[in-house]
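Observations on chain architecture
Each chain, letter by letter, is given below.
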Amino acid sequence: MAPEEACGRGVCLKMRAVCLEDSDTGIWVEEAPGVSPLPRFYVTVEEPDLAITMFKKHKLDDDMIRLVGKHHPDLLSDIHLHLGKELEGEGRLQEAEYHYLEAQEWKATVNMDRSNGLWEAAYRVAQAHGGADAHKHVAYLWAKSLRGESAVRLLTKLGLLEAAVDHAADNCSFEFAFELSRLALKHKTPEMHLQYAMYLEDEGKFEEAEAEFIRAGKPKEAVLLFVRNQDWEAAQRMAKAHDPDSVAEVLVGQARGSLDEKDFQKAEQLLLQAQRPGLAFNYYKEAGLWSDALWICKDYVPGQLEALQEEYEREATKKGASLKPLFMSEHCRFLQRKCWL
C-alpha cells in the first residue's frame, strides 16, 4: 500500500500533512492497525511538535534535533542536555559527550568522565572547553585520586606540580599539600605550615596554630596570635622563648588594653617595663593627665621635660588653669609611685 493510500484510508498517524511539499522535513509515520510499517517519506508538517515527538519516540535523535533547531532553537541546548543524560545513563559515553558539549555543558562531561575513571578524557575536555584554569583543577583532582609518587609524576609531566600544591593549600586540603611538598617541593613546606597556621587560627585552634607558626619559622606570628586574642601570658611566654625582640611589643599591647580600661597606673607600669616612657607620658597627655605626663617625663625622659612643660603651659593658659598643683604634690606623688613600682 502506498503512503498516500494509507493516509487516505485514515489508518496512518493522525496528522495533518501535505505530501512532498517540504523535502526538508522527514518523519516516520507510525504503524497503524493492520498496516505494515510505512517507509520514510517527506511531508510538510503543520504541527512540528508532533513530528518531534515521533522522532523522540523512535529514538531518531538526529532528526529530532534538526527539527528542534529549525522550529524551537531556544530549546536546542535543553534537548542536547537531555540526550546527554540519557546516553550517559545507557553507558554510551562518547555520544553523551557530544551532546553535553553541544549544550555547552563541559562540566557535565568532565564529571561523567571522572565518575568513570576517564581522567585523560576529563582533562582533555576541561583544557579544550573550560577556560584558563579548568584543566588545572581537573589535574589536581586526578593527582589527588592517585596520591604519593604517582601524583607527583603526573603533575610534573603536566607542569602543574607547584600550582597543585598552592591549590591544595588554598582549598584547605593541607594533608595533600604537605604530601606533595614533602615529596618534591621541600622549599614550599614552610609556606604550607604558615598557611595551615593561619587556617587553624581562623578556626580558633590557637595552640595548634602556635605550633605551626613555629614550624613555619614565624615565631613572631605566634606571638601576635596571642596579642590579637589578648592572651598576654601566652604572648609573653612565646616572646621570651622564641622571639625576645617581641617582648616589648607584647607589653605595649597589654598597656593599650589597660588604657582602654582606664587603668592608667597599670598601663604606665607596663610601658616602663617595655622601656617606652615616651609612650607613657604621651598617653597621659592625650588623656589630659598632665601631672602624670610631666612626672614620667621628668623621671625617664628629662631631655623632653622643658618642651612638655611649655606645651602644658600653653594648654593651661588657654583653659585658665593653675600650674602650682603640679608641683605642690611632689612628695605625695613620689610615695604613690614607690608603692607600686
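The model shown is predicted, which means the values in this text are computed figures rather than measured ones.

Conventions and cut-offs
Here the residue index of a chain counts from 1 through its sequence in written order. Since the coordinates come from a predicted model, pLDDT governs what is reported: local features require at least 70, and pairs of side-chain atoms require 80 or more to be given and counted, while whole-chain, interface and lining totals use all residues. Think of the side-chain values as coming from all heavy atoms in the structure, minus any hydrogens and water. By definition, any uninterrupted DSSP run of H or I lasting at least four residues is a helix, any uninterrupted run of E lasting at least two residues is a strand, and each is numbered from the N terminus. Exposure classes here rest on a 1.4 Å probe applied to the protein chains alone. A residue is buried below 20% of its type maximum, exposed above 50%, and partly exposed in between. Contacts were defined at the residue level, with two residues in contact if any of their heavy atoms lie within 4.5 Å. Each accessible area value is a Shrake-Rupley result obtained with a 1.4 Å probe; residue values ignore everything except the protein chains displayed when judging cover. Each polar contact in these results corresponds to two N or O atoms within 3.5 Å; when the atoms are within protein, one needs to be able to donate a hydrogen and the other to accept it, and residues that are neighboring in sequence are counted only if both atoms are side-chain atoms. To define a nonpolar core, start from buried Ala, Val, Leu, Ile, Met, Phe, Trp, Tyr and Cys residues and group those joined through side-chain atoms within 4.5 Å. When a carboxyl oxygen of Asp or Glu lies within 4 Å of a side-chain nitrogen of Lys or Arg, that pair is called a salt bridge.

**A short note on the overall build of the protein**
What the protein contains, in helices and strands, is 22 helices and three strands. Counting the 341 residues in the protein, one finds 40% classified as buried. At a minimum sequence separation of 6, the contacts of the protein that also span at least 24 residues come to 35%. With the model as given, the accessible surface of the protein reaches about 19900 Å², and the carbon-plus-sulfur share is 50%.

**Observations concerning unusual backbone geometry**
Among all residues except glycine, the phi angle is most often negative; among peptide bonds, the trans geometry is most common. Positioned with a positive phi, Lys59 is a non-glycine residue whose angle comes to about 60°. Assignment of secondary structure puts Lys59 in the loop between helix H2 (48-57) and helix H3 (61-71). On the accessibility criterion, Lys59 (56% relative accessible area) is exposed. Look at Lys262: it is not a glycine, yet its phi comes out positive at around 65°. Examined against the element boundaries, Lys262 turns out to sit in the loop between helix H16 (247-260) and helix H17 (264-273).

**As for the environment of Ser115**
Here Ser115 shows up in helix H6 (residues 106-115). Side chain to side chain, Ser115 and Asn116 meet in a polar contact 3.4 Å long.

**Section: the environment of Asp243**
Mapped onto the fold, Asp243 is located in the loop between helix H15 (232-242) and H16. The buried category is assigned to Asp243, whose relative accessible area is 15%. When the C-alpha atoms of Asp243 and Lys218 are compared, they prove to be 9.2 Å apart, with 25 residues separating the residues in sequence.

**So, the environment of Leu270**
As for its placement among the helices and strands, Leu270 is situated in helix H17. Residues Leu270 and Val250, spaced 20 residues apart in sequence, show a C-alpha to C-alpha distance of 9.4 Å. Excluding residues within four positions of it along the chain, Leu270 makes contact with Leu251, Gln254, Ala255 and Ser258.

**So, the nonpolar core**
Counting residues in hydrophobic clusters, the biggest one holds 38 residues, and the most contacted among them are Phe213, Phe226, Val250, Leu271, Phe281, Ile296 and Leu308. In this structure, Trp119, Val138, Trp142 and Ala143 belong to the second largest nonpolar core, which totals 30 residues.

**Some points on helix H7 (residues 119-129)**
Of all the positions in H7, only Trp119, Ala121, Ala122, Tyr123, Val125 and Ala126 are classed as buried. Elements in contact with the buried residues of H7: helix H5 (93-102), H6, helix H8 (134-146) and helix H9 (148-158).

**Looking at the pattern of salt bridges**
Across all of its chains, the model carries 14 salt bridges by this definition. Arg92 serves as the salt-bridge partner of Glu95, at 2.8 Å between the closest nitrogen and oxygen. A relative accessible area of 37% places Glu95 in the partly exposed class. Taking the shortest distance from any N to any O, the salt bridge between Lys220 and Glu249 comes out at 3.3 Å. Of this pair, Lys220 sits in helix H14 (residues 219-228) while Glu249 sits in helix H16, and the two are 29 residues apart along the sequence. Glu249 gets classed as partly exposed once you look at its relative accessible area, which sits at 35%. Each of Glu162, Asp166, Lys188 and Glu191 takes part in salt bridges that share partners, so that together they form one network.

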